[in-house]
Amino acid sequence: MVKVVNEFGDLVAVVKYNNDLDFWDGRNFSCGSTGRHLGITKLKDGRYVLIHGTDWQGERDYAEVVTDEEALDAIVSTGHTKLLEKKKFEPLKKLYEEKYLNQEVEEDD
């Protein structure tokens, strides 16, 4: 279990650890930095949480409440857009479609 803090450092929840946003870097699963991991989940009140894991001695896993945009950016930047098919990420899928899809300008004939 991982403690979730808000922007003021206050404890707001405890969530199950996951590293759903990790990817294979050719040697290890990580979030792009050796010994670091990244996961995502959603609280019952609708807020999204990024889970920061570590393999480093003396450091602890932690989680933070983030905006919908920050949650979506984490999913897109790690290449895990298939997560958007899960029901709990439905609002992020809509945001993804608005923000990233259909951005090409049609040319006049």
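If you're wondering where the values come from, they're calculated on a predicted model, not measured in any experiment.

A. Representation of the sheet that holds strand β6 (residues 48–54) in the model. A sheet is described by the order of its strands in space; here five strands give the open sequence β2-β1-β7-β6-β5, paired in mixed fashion. Whereas interior strands pair on both sides, the edge strands pair on one side only; in this sheet they are β2 (11–15) and β5 (36–42). The sheet shows a mean angle of 30° between the axes of neighbouring strands, direction not considered.

B. Geometry of the pairing of β5. Where burial is concerned, most of β5 is hidden: five out of the seven residues are buried. As paired strands, β5 and β6 are joined by seven bridges and run antiparallel to one another. Each bridged residue has a counterpart across the sheet, and for H37 the counterpart in β6 is G53. Taking the residues between adjacent antiparallel strands as the criterion, β5 and β6 are bridged by five residues, where G46 takes a positive phi near 100°.

C. Looking closely at the pairing of strand β7 (residues 62–66). Both strand β1 (residues 2–5) and β7 contribute to a ladder of two bridges, which runs parallel. Within the sheet, the bridge partner assigned to V5 lies in β7 and is E64. Relative to β7, β6 runs antiparallel, the two being bridged by five bridges. Bridging across to β7, I51 finds its partner in A63.

The rules behind each value
- Residues numbered from 1 in each chain as written.
- Predicted model: local features only at pLDDT ≥ 70, side-chain atom pairs only at ≥ 80, totals over all residues.
- Heavy atoms only, no water.
- Pairing = 2+ DSSP bridges.
- Helix = DSSP H or I, 4+ residues; strand = E, 2+ residues; numbered from the N terminus.
- Axes fitted to C-alpha atoms, helices over the stretch in contact; angles between N-to-C directions.
- Buried < 20%, exposed > 50% of the residue type's maximum accessible area, 1.4 Å probe, protein only.

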